[in-house]
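# Structural description and commentary
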Amino acid sequence: MRAGITILPEYPWSEAEGRWRRAEEYGFAHAWTFDHLGWRELVDGPWFGSVPTVTAAALATSRIELGPLVATPAFRHPVPFARELTALDDISRGRFTLGLGAGGGPGRYDHDVFGGSGGSGGSGGSGDPGRIAPVGPDGSRAARFAEFTGLLDTLLTTDGADWHGTYYTAEGARNGPGCVRAPRLPFVVAANGPKAMDVAARYGEGWITTGTNRDDLESWWASLAELSERFDAALERRGRPRAQVRRFLQTDGAPVFSLGSASLYAEFLGRAGELGFTDVVAPWPRAEGVFAGSEDVLDTVAADVLPGLER
């Protein structure tokens, strides 16, 4: 079992740097930040971009695995994003892992901030390769995500890549110098539904889930067991063995805060392991509001829980 921590990109770097350093010093195996333009009830507060945040974190640390949870097609085009990923992979010396997800639709800030189009209004396909591909309410979000992930995979593994899809176009896209880890940096794909699970089973070195919304903890754990079985089936359809794909549990979706106490956190790790998860990612405690808790818990977790885990 590996343990990870998520640090929201709401702090100026003068405050954030210490958290990223502490995450490594505590003994967490990986550290992440959210990749949104704004997020839920924090949308009116301070918020910083994930790419420069992870870049700074890579320079402030030396061991810990780093990445966004999760990057989406909502405001990115794969061609320039692939260049940013190559730079992050190089700066981190191969410690960068890309979390990927389909992104929110209507009612989510990353979608609505563009006027509800999910992009800049262009076709995103062969007519205008530089624009962000829009997405409508007709289920096209899943199709766009599958193409977004497939094109990123191609861009990071193929020099001079050509792509003519429904949502994106690339002509002779170069990828030098390539990724530190061959054939490319790892993908961890967020998925609960069957279409996204197929993307995870096809392209992912890891699969991540928050479970489904439940009012009580036992029901939430039951949802994770169901999702794990569905992902087993998705892997089988793709002909991939279970051991080939790491399984990440992001505890953000739990009805209780997983870092409310060291004993509760240890219980989360144990139950996740019983369900076959290889990694657990919990949010860094905040002073108030969402993920409210005490940072003192991290000291206890570092002393009593993390030493027995993989790094």
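Values in this document were obtained by computation on a predicted structure and should not be read as measured data.

## What to know about the overall build of the protein chain
Of regular secondary structure, the protein chain possesses nine helices and 10 strands. For the protein chain, the C-alpha radius of gyration of 19 Å lies close to 19 Å, the compact-globule estimate for 311 residues. Along the first, second and third principal axes, the C-alpha atoms of the protein chain reach 55 × 45 × 40 Å. Taken over 311 residues, the protein chain has a buried fraction of 54%. Sequence separation of 24 or more characterises 71% of the internal contacts of the protein chain that already satisfy a separation of 6 or more. Roughly 12900 Å² of accessible area belongs to the protein chain as shown, and the carbon and sulfur atoms make up 50% of that amount. If you average the places of the 30 positive and of the 40 negative side-chain charges in the protein chain, the two averages end up 4 Å apart.

## Things to note about the nonpolar core
For soluble globular proteins, nonpolar side chains are generally found buried alongside one another. Formed by 84 residues in total, the largest nonpolar core has its most connected members in Leu 98 and Tyr 265. In terms of residues, this core owes the most to one element, helix H7 (residues 217-238), which gives eight residues. Beyond its immediate sequence surroundings of up to four residues, Leu 98 is in contact with Pro 68, Ala 71, Phe 81, Leu 85, Leu 152, Leu 185, Pro 186, Phe 187 and Val 188.

## Here's the deal with the pairing of strand S1 (residues 2-6)
Burial of S1 is extensive: four of the five residues sit out of reach of the surface. Direction of pairing for S1 relative to strand S10 (residues 279-283): parallel, over a ladder of five bridges. Of the residues in S10, the one forming a bridge with Arg 2 is Asp 279. With three bridges joining them, S1 and strand S2 (residues 30-33) adopt parallel strand pairing. Looking at the pairing, Gly 4 lines up with His 30 of S2.

## So, a nonpolar patch on the surface
Taken together, the side chains of Leu 37, Tyr 109 and Val 113 make up a nonpolar region of the molecular surface, amounting to roughly 240 Å² of accessible area. Tracing the chain through its elements places Leu 37 in the loop between S2 and helix H2 (50-60). Exposure remark for Leu 37: the relative accessible area of 37% places this residue in the partly exposed category.

## With respect to the confidence of the model for the protein chain
As a note on interpretation, predicted positions should not be read in detail where pLDDT is low. Averaged over all residues, the pLDDT of the protein chain is 92; the fraction at 70 or higher stands at 92%. Of the regions scoring below 50 in pLDDT, residues 118-127 engages in 32 contacts with residues more than four places distant in sequence or in other chains.

## Some words on the sheet that holds strand S9 (residues 246-250)
With parallel pairing, the eight strands of this open sheet are ordered in space as S3-S2-S1-S10-S9-S8-S7-S4. Because the sheet does not close on itself, it has two edges, and the strands there are strand S3 (65-68) and strand S4 (98-100). Put simply, the sheet's adjacent strands are angled 25 degrees from each other on average, direction ignored.

What counts, and at which threshold
Residues numbered from 1 in each chain as written. Predicted model: local features only at pLDDT ≥ 70, side-chain atom pairs only at ≥ 80, totals over all residues. Heavy atoms only, no water. Helix = DSSP H or I, 4+ residues; strand = E, 2+ residues; numbered from the N terminus. Rg over C-alpha atoms; globule rule 2.2 N^0.38 Å. Buried < 20%, exposed > 50% of the residue type's maximum accessible area, 1.4 Å probe, protein only. Contact = heavy atoms within 4.5 Å. Areas by Shrake-Rupley, 256 points an atom, 1.4 Å probe, with all protein chains shown as cover. Lys, Arg positive; Asp, Glu negative; His and termini not counted. Charge placed at Lys NZ, Arg CZ, Asp CG, Glu CD. Core = buried A, V, L, I, M, F, W, Y, C linked by side-chain atoms within 4.5 Å. Pairing = 2+ DSSP bridges. Patch = residues over 30% accessible without salt bridge, like charges linked within 9 Å, V, L, I, M, F, W, Y side chains within 5 Å. Salt bridge = Lys/Arg side-chain N within 4 Å of Asp/Glu carboxyl O. pLDDT = per-residue confidence, 0-100. Axes fitted to C-alpha atoms, helices over the stretch in contact; angles between N-to-C directions.

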